[in-house]
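For reference, the chains in residue letters:
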Amino acid sequence: MTSTVRAATTGRMASAIGRATAAGALLAGLVFGGASPASAHDGVILTLHGDGRGSVWVTATWQDGHPVTEAVGITLLATTADGRREGPAGLRRNGDALTYAGTLGEGDWTVVAEMGTPAIGRCQGVLHVAAADGAPQDIVCAPPPVAATPPPAPAAKASYTWVWYALGVAVLAAVAAWLFHRKSIAARAAARRTPGRKASPRRTTARRK
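Please read these numbers as outputs of a predicted model, since none were measured by experiment.

Conventions we followed
- Residues numbered from 1 in each chain as written.
- Predicted model: local features only at pLDDT ≥ 70, side-chain atom pairs only at ≥ 80, totals over all residues.
- Heavy atoms only, no water.
- pLDDT = per-residue confidence, 0-100.
- Helix = DSSP H or I, 4+ residues; strand = E, 2+ residues; numbered from the N terminus.
- Contact = heavy atoms within 4.5 Å.
- Buried < 20%, exposed > 50% of the residue type's maximum accessible area, 1.4 Å probe, protein only.
- Salt bridge = Lys/Arg side-chain N within 4 Å of Asp/Glu carboxyl O.
- Pairing = 2+ DSSP bridges.
- Axes fitted to C-alpha atoms, helices over the stretch in contact; angles between N-to-C directions.

Draft legend 1. The arrangement of the confidence of the model for the chain in detail. For the chain, the average pLDDT comes to 74, and 62% of its residues sit at 70 or higher. When pLDDT is averaged over each element of the chain, strand 3 (residues 73–79) comes out on top at 96 and helix 1 (residues 2–33) at the bottom at 44. Across residues 13–35 the pLDDT falls below 50, and counting only partners more than four positions away or on other chains, this stretch makes 2 contacts in the model.

Pasting the structure below:
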């Protein structure tokens, strides 16, 4: 009988441990499996490319070296000192490249590429475009610095005003109890000092001789 009870108890303990392990695994999956791609890869690196003859494209890699294979939202804006402007225009994926559909004219262009998804990224550089003898250029931009976590707010100082109120109430209660005790003692003492009722005199009947 004892062995049966022991076996049943062991079975219940094993079942409880199994349920706790499964719950822990599920919680770990929710916490660690739900991390965003940016946090998993430590930011994105953008690189501006120009072939020197007007074609422009961008490549994106995670900081740990893996390519960005997720859907990308990125725009490109190009301007010149003399007021010419191209974009902002969305870039389209072509293999590993995010390409600008148009071409830039001759001159020096300040090109800004800004990514919104799957991570925040920005790259800016000057690309020189020439009609015939333009040279290819590559401008690598590091990921933006992570905002510093603000220090925790100092804990509010505990207020002990309630202690003084409690002490005051206790003192008042003690004084009231002492006064009541004194009054009771005085009442008992007065009761002891008060003589009892005198016995009514007996009526004596004169004996008739």
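Further notes follow.
Draft legend 2. Main features of the environment of tryptophan 57. Structurally, tryptophan 57 is set in strand 2 (residues 56–62). Look at tryptophan 57 and you get partly exposed, because its relative accessible area is 27%. In sequence terms tryptophan 57 and threonine 47 are 10 residues apart; their C-alpha atoms lie 8.5 Å from each other. In this view, tryptophan 57 contacts Thr47, Leu48, His49, Gly50, Asp51, Ala97, Leu98 and Thr99; residues no more than four positions away in its chain are not counted.

Draft legend 3. Structural view of the pattern of salt bridges. Considering all chains together, one arrives at 2 salt bridges under this definition. With a shortest N-O distance of 3.3 Å, arginine 84 and aspartate 82 are connected by a salt bridge. Residue classification places arginine 84 among the partly exposed residues on the basis of a relative accessible area of 34%. On the accessibility criterion, aspartate 82 (57% relative accessible area) is exposed. For arginine 122, the salt bridge is made with glutamate 114, and the minimal N-O distance between the two is 3.1 Å. Classification of arginine 122 by relative accessible area gives partly exposed; the value is 43%.

Draft legend 4. Quick look at the sheet that holds strand 7 (residues 107–117). Strands sit in the order 4-3-7-8 across an open sheet of 4 strands; the sheet is antiparallel. If you trace the sheet from one side to the other, it starts and ends with strand 4 (85–90) and strand 8 (121–129), each paired once. The mean inter-strand angle of the sheet, taken between neighbouring strand axes irrespective of direction, is 15°. Where strand 3 meets strand 7, 7 bridges bridge the pair, whose relative direction is antiparallel. Bridge pairing in strand 7 links glycine 73 to threonine 117.

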